[in-house]
Amino acid sequence: MTFSGSIATPVGVLAVHSDGVAITRVTWPRGGRTAVPGTMQDAERDPLLAEALAQLGAYFAGERSDFDLPFDLGPQSDVTGAVLHALHDTVGHGETVTYGELAERSGTAVPARAIGSIMGANPIPIIVPCHRVVASDGLGGYSGGAPGEGLLTKRWLLEHEGALPAALF
C-alpha cells in the first residue's frame, strides 16, 4: 500500500510518498497541482508519512537540520545506491560537496561527470540532499523544484542551510 501527502514549502508544494515502512518518493507535483489527493487521510493512516511531513515542515521552518526517517531508494544500480547513500551519510546540513568529491566518498569508480545523472535519479530529494552537490566552479544543475526553477530552488535550499550567502537581489 502507498500513502501520499503534501506540504507547502517556500520552494513549492512537495509530495511525499510512503509504503508504511519507508519514505519512497519526494516530488514536486507538476501541472499546477497544489496538493496530493488523500493528503490528510493518508497522513492520519500512516504514522511514518505524518512524521515525514512534520520533519519537512520543521526543516523549512529552520527548526530542523537533518532527517530521521527510513527511506527506500527503490530499484537502483549498486553504483547509484552507493552514491546516494554516501551523500545522505556524509554531507551534512550547511555543507556542500563537489561531484568529484562525492564520487570519491562513494567508493565507486564512477566518474565525476556521471554524478549529476545520479543526482537526477534521486527519488527522495531534500531528505537525500542532492541539492548539496555542486560543481567545482559553481552551483551545477538541479532538476528539483517547479519546472524551470531548478537552480533557483537549489540556491534557496543552500542559502536556507547557510551553505551559500544570501543573494543580494
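This report concerns the structure included in the present document. In this text the structure is predicted, and so the values were computed from the model without any measurement. (Residues numbered from 1 in each chain as written. Predicted model: local features only at pLDDT ≥ 70, side-chain atom pairs only at ≥ 80, totals over all residues. Heavy atoms only, no water.)

1. Focus: the overall build of the protein
Step number 1: What the protein contains, in helices and strands, is six helices and five strands.
Step number 2: Against the globule reference of 15 Å for 169 residues, the protein gives a C-alpha radius of gyration of 16 Å, in line with a compact fold.
Step number 3: Once the C-alpha set of the protein is aligned to its principal axes, its extents read approximately 45 × 40 × 30 Å.
Step number 4: Out of the 169 residues in the protein, the part that is buried amounts to 46%.
Step number 5: Considering only residue pairs separated by 6 or more positions, the protein has 57% of its internal contacts joining residues 24 or more positions apart.
Step number 6: Side chains of the protein give 10 positive and 18 negative charges; the mean places of these two sets differ by 7 Å. (Helix = DSSP H or I, 4+ residues; strand = E, 2+ residues; numbered from the N terminus. Rg over C-alpha atoms; globule rule 2.2 N^0.38 Å. Buried < 20%, exposed > 50% of the residue type's maximum accessible area, 1.4 Å probe, protein only. Contact = heavy atoms within 4.5 Å. Lys, Arg positive; Asp, Glu negative; His and termini not counted. Charge placed at Lys NZ, Arg CZ, Asp CG, Glu CD.)

2. Some thoughts on the pattern of salt bridges
Step number 1: A complete count under the given rule lists two salt bridges for this structure.
Step number 2: Of the charged contacts, one joins R132 and E161 as a salt bridge, the two residues approaching to 2.8 Å between their closest N and O atoms. Taken together, the positions of R132 in the loop between α5 (112-120) and β5 (133-134) and E161 in the segment after α6 (150-160) put the pair 29 residues apart, joining distant regions of the chain. E161 shares its class with R132; the two are buried.
Step number 3: Note that E159 is salt-bridged to R155, the shortest N-O span being 3.4 Å. Residue E159 and its partner R155 are located together in helix α6, separated by four residues, close to a single helical turn. (Salt bridge = Lys/Arg side-chain N within 4 Å of Asp/Glu carboxyl O.)

3. What about the pairing of strand β1 (residues 3-9)?
Step number 1: With six of its seven residues buried, β1 lies for the most part within the structure.
Step number 2: Relative to strand β2 (residues 12-18), β1 runs antiparallel, the two sharing seven bridges. Across the sheet, the residue bridging to F3 is S18, located in β2.
Step number 3: Counting the residues that bridge the hairpin from β1 to β2 gives two residues. (Pairing = 2+ DSSP bridges.)

4. Description of the packing of helix α4 (residues 99-106) against α5
Step number 1: Here α4 crosses α5 at 85°, and the two axes come no closer than 8 Å. Between α4 and α5, the crossing angle belongs to the class labelled roughly perpendicular. Residues Y99, G100, L102 and A103 of α4 touch α5, and the partners they reach there are A112, I115, G116 and M119.
Step number 2: Of the residues in the contact of α4 with α5, the class split is six nonpolar, two polar and no charged. (Axes fitted to C-alpha atoms, helices over the stretch in contact; angles between N-to-C directions. Parallel < 35°, antiparallel > 145°, perpendicular 65-115°, else oblique. Nonpolar A, V, L, I, M, F, W, Y, C, P; charged D, E, K, R; others polar.)

5. Considering the environment of E149
Step number 1: As for its position among the elements, E149 is in the loop between β5 and α6.
Step number 2: Along the sequence, E149 and H17 sit 132 residues apart, while their C-alpha atoms lie 22 Å from each other.

6. Some thoughts on the packing of aromatic side chains
Step number 1: What the rule picks out here adds up to four aromatic pairs.
Step number 2: Both rings, one in Y59 and one in F67, keep their centres 5.4 Å apart while their planes meet at 45°; by these two values the pair is tilted.
Step number 3: Three or more aromatic residues link up through ring pairs in this structure, and these residues are Y59, F60, F67 and W156. (Phe/Tyr/Trp six-rings, centres within 6.5 Å; stacked < 30°, edge-to-face > 60°.)

7. Section: α5
Step number 1: Within the sequence span of α5, burial applies to I115, I118 and M119. Axial view of α5: buried residues confined to an arc of 100°, hence all on one face. Away from its buried face, by an angle of more than 90 degrees, α5 presents the exposed residues R113 and S117.
Step number 2: On the buried face of α5, the contacting elements are α3 (78-90), α4 and β5. (Arc of directions from axis to C-beta.)

8. Quick look at α4
Count 3.6 residues to each turn of an α-helix, and residues three or four apart come out pointing the same way.
Step number 1: Those residues of α4 not exposed but buried are Y99, L102, A103 and S106. End-on, the buried residues of α4 take up no more than an arc of 105°, which puts them together on one face.
Step number 2: At its buried positions, α4 is contacted by α3, β4 (97-98), α5, β5 and α6.

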